[in-house]
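One-letter residues, chain by chain:
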Amino acid sequence: MVSAFPDGLNFIKRLNLKRVQNAWSTYYSFKKAQRNKNPHHEGLPFSLAVEPTTSCNLRCPECPSGLRSFTRPTGMMQNETFQKVIDELEDYLLYLTMYFQGEPFLHPNFLELVSYADLKNIYTATSSNGHFLDEEVAIKTVESGLSRIIISIDGTDQESYEKYRIGGKLEMAITGIKNIVKAKKELRKNNPYLILQFLLFRHNTNQIEEAKTLARKLGVDKIEFKTAQIYNFDRGSDLIPQNGKYSRYQKKSDATFKIKNDHLNKCWKMWHSCVMTWDGDIVPCCFDKDAKYKMGNINQQSFREIWNGEKYQEFRLHLFENRKEIDICKNCTEGLRV
């Protein structure tokens, strides 16, 4: 677990006995459920993703926010909704992801939400396109106690960058990174741990070395190359890299594509994590982008009631029986990275 956190000291200092015990109970429940094919869960999730907003300033072609293709409504999470789930899970959470769909910094109270979780001593992370990180916001971001921030730059020049980040300005994203680096130095803080993320597409794999050089020049803590998710990958896409090393899809003999992952009838994510949409719906994971599989709503039930409820138990059982039948699992790679 700790090896997943390059800023390990910040993570370790947030551990306590109750959180460690819950993580162990969760892992034990998963292994026991695998053996018995019984979805009973003895713990609570130690990882949670919340969605501050579904709004976004960009039009990325493989993103529901960018495509404006949601069937669910667009909105902003209320402070009360966020606080309710945090208050109930604060003794159990090891990791809180402060994004799902949308651009988090469009939420007017986003950093207030981060600070609320930080006061509960919860490790927090977010992902941004970097366009709203002016000097003032960067300082407030560092002061909020945010543990980790990922800023996506998928090209080393504007022409390459805007092929996916449609409507975006590379220089604005770079300035956002510079402002975070500057604010950390001025405030003498090590956090947020700053990751430059580079999604790999056919048009930018030739820029990998340039991206590494850019990351060193900007002074980020890490650069991370990640394979891109393509929705309708079966018949290929101009976005899929020609070099299979950089793709999560594999070309078959009939010229169609398949995902590289084997879809075994199990899923660790269903035991250790879940997602809460901006309006309080609890859904199984980050691949349920349109909140098709709603397990309950935090504004109407306690989280524990939802987590141990009949809908969740049936969903976990279905995973054991035939995961391939579940549509949101068909594109799942658990985030393949290069």
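Residues numbered from 1 in each chain as written. Predicted model: local features only at pLDDT ≥ 70, side-chain atom pairs only at ≥ 80, totals over all residues. Heavy atoms only, no water.

J.: How would you summarise the sheet that holds strand β11 (residues 296-297) if you had to cite specific residues and measurements?
T.: Spatially, the 9 strands line up as an open sheet ordered β6-β5-β4-β3-β2-β1-β9-β10-β11, and their pairing is mixed. Of all the strands in the sheet, just β6 (222-227) and β11 have a single pairing partner and so form its edges. Where strand β3 (residues 124-128) meets strand β4 (residues 148-152), 4 bridges bridge the pair, whose relative direction is parallel. Within β4, the residue paired with S127 across the bridge is I150. Relative to strand β5 (residues 193-200), helix α8 (residues 170-187) is tilted by about 160°, and along the sheet it contacts β4 and β5. (Pairing = 2+ DSSP bridges. Helix = DSSP H or I, 4+ residues; strand = E, 2+ residues; numbered from the N terminus. Contact = heavy atoms within 4.5 Å. Axes fitted to C-alpha atoms, helices over the stretch in contact; angles between N-to-C directions.)

J.: How would you summarise unusual backbone geometry if you had to cite specific residues and measurements?
T.: With omega at 10°, the peptide bond leading from N191 into P192 counts as cis. The backbone of N121 shows a phi angle near 65°, a positive value even though the residue is not glycine. Among the structural elements, N121 can be located in the loop between α5 (110-119) and β3. Residue class for N121 comes out partly exposed when judged on its relative accessible area of 32%. With a phi close to 75°, A255 is a non-glycine residue in the positive phi region. Position of A255 among the secondary structure elements: in the loop between β7 (249-251) and β8 (257-259). (Buried < 20%, exposed > 50% of the residue type's maximum accessible area, 1.4 Å probe, protein only.)

J.: Give a detailed account of the nonpolar core, specifying residues and quantitative values.
T.: If you look at the biggest cluster of nonpolar residues, it comprises 78 residues, and the most contacted ones within it are F82, L96, I177 and F303. With 7 residues, the single largest contributor to this core is α8. Excluding residues within four positions of it along the chain, I177 makes contact with I151, I153, L194, L196, L218 and V220. Listed in part, the 7 residues of the second largest apolar core include A23, L94, Y95 and Y123. (Core = buried A, V, L, I, M, F, W, Y, C linked by side-chain atoms within 4.5 Å.)

Remember, this is a structural readout, not a statement about activity or role.
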